[in-house]
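Chain by chain, the residues run as shown.
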Amino acid sequence: MVNKIILIGNAGQDPEVKHLDSGVSVANFTLATNESYKDKNGERVTQTEWHRITLWRGLADVAEKYVKKGDLLYIEGRIRTRSWDDKEGNKRYTTEIFADSMKMLGRRTDQADSEESSAEKESPVIDSPETDDLPF
């Protein structure tokens with residue numbers, strides 16, 4: 001069985017880092033990924049998906065020092081879903097990505113400071129192959 005996910009996206013916020021009593025660090029932040037396609041009218045539509053990222057130990061320490069909101073990141077890890085009961089006794093669920101690997105691919109501020117065209121300044125979009133048989 002395989003539980004593996006690869007994401008490339010922008011950090012939605014600076015990581016929140018906690019240092020446990022045992023000395024282990026854990027970092028949490030969101031990551032935005034974009035999907036772009038053309039609708040039935042030929043107009044480009046971009047959808048953003050938000051992912052909860054959790055980093056442990058050395059990766060958490062790297063994130064604390066270097067990751068900032070807007071940074072372009074490559075994340076490789078596993079999907080985990082957990083549940084709990086809220087104050088009213090309702091069952092709640094959340095799905096997180098437990099990262100095994102993280103690579104920093106660039107910063108939005110670096111892009112804004114360079115002399116790139118405005119099209120290159122937009123957040124990266126990974127296009128899927130266009131097909132004519134979309135369901136809409």
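Refer to the preceding data block for the structure.
Residues numbered from 1 in each chain as written. Predicted model: local features only at pLDDT ≥ 70, side-chain atom pairs only at ≥ 80, totals over all residues. Heavy atoms only, no water.

S.K.: Teacher, can you tell me more about the overall build of the protein chain here?
M.R.: Tallying secondary structure elements over the protein chain gives three helices and six strands in all. Reading the secondary structure of the protein chain in the N-to-C direction produces β-β-β-β-α-β-β-α-α. Looking at the protein chain residue by residue over its 136 residues, the buried ones come to 29%. In the protein chain, the proportion of contacts linking residues at least 24 apart, taken out of those at least 6 apart, comes to 59%. Counting every atom, the protein chain has about 9,700 Å² of accessible surface; 47% of that belongs to carbon and sulfur. (Helix = DSSP H or I, 4+ residues; strand = E, 2+ residues; numbered from the N terminus. Buried < 20%, exposed > 50% of the residue type's maximum accessible area, 1.4 Å probe, protein only. Contact = heavy atoms within 4.5 Å. Areas by Shrake-Rupley, 256 points an atom, 1.4 Å probe, with all protein chains shown as cover.)

S.K.: What should I look at first to understand the pairing of strand E3 (residues 25–38) in this one?
M.R.: Regular strands have side chains that alternate between both faces of the sheet. Most of E3 is tucked away: 10 of the 14 residues are buried. Strand direction decides the pairing type here: strand E1 (residues 5–11) and E3, joined by two bridges, are antiparallel. Across the sheet, Ala11 pairs through a bridge with Leu31, a residue of E3. The pairing of strand E2 (residues 16–19) with E3 spans four bridges and is antiparallel. Following the sheet pairing, Val17 is matched in E3 by Ala27. With antiparallel pairing between neighbouring strands as the criterion, E2 and E3 make up a hairpin whose turn holds five residues, including Gly23 at a positive phi of roughly 95°. (Pairing = 2+ DSSP bridges.)

S.K.: I'm lost on the environment of Arg44 in this one. Help?
M.R.: Relative to the assigned elements, Arg44 resides in strand E4 (residues 44–56). Among the residues examined, Arg44 registers a relative accessible area of 46% and is labelled partly exposed.

S.K.: What am I meant to see in the nonpolar core here?
M.R.: A general tendency of soluble globular proteins is for nonpolar side chains to be buried together. Grouped together as the largest cluster of nonpolar side chains are 16 residues, with contacts concentrated most on Phe29, Ile53, Leu55, Leu73 and Ile75. The set of elements that each furnish at least two residues to this core consists of E1, E3, E4, helix H1 (57–66), strand E5 (72–85) and strand E6 (91–106). Aside from chain neighbours lying at most four places away, what touches Leu73 is Leu7, Ile8, Gly9, Ala11, Phe29, Leu31, Val67, Met102, Lys103, Met104 and Leu105. (Core = buried A, V, L, I, M, F, W, Y, C linked by side-chain atoms within 4.5 Å.)

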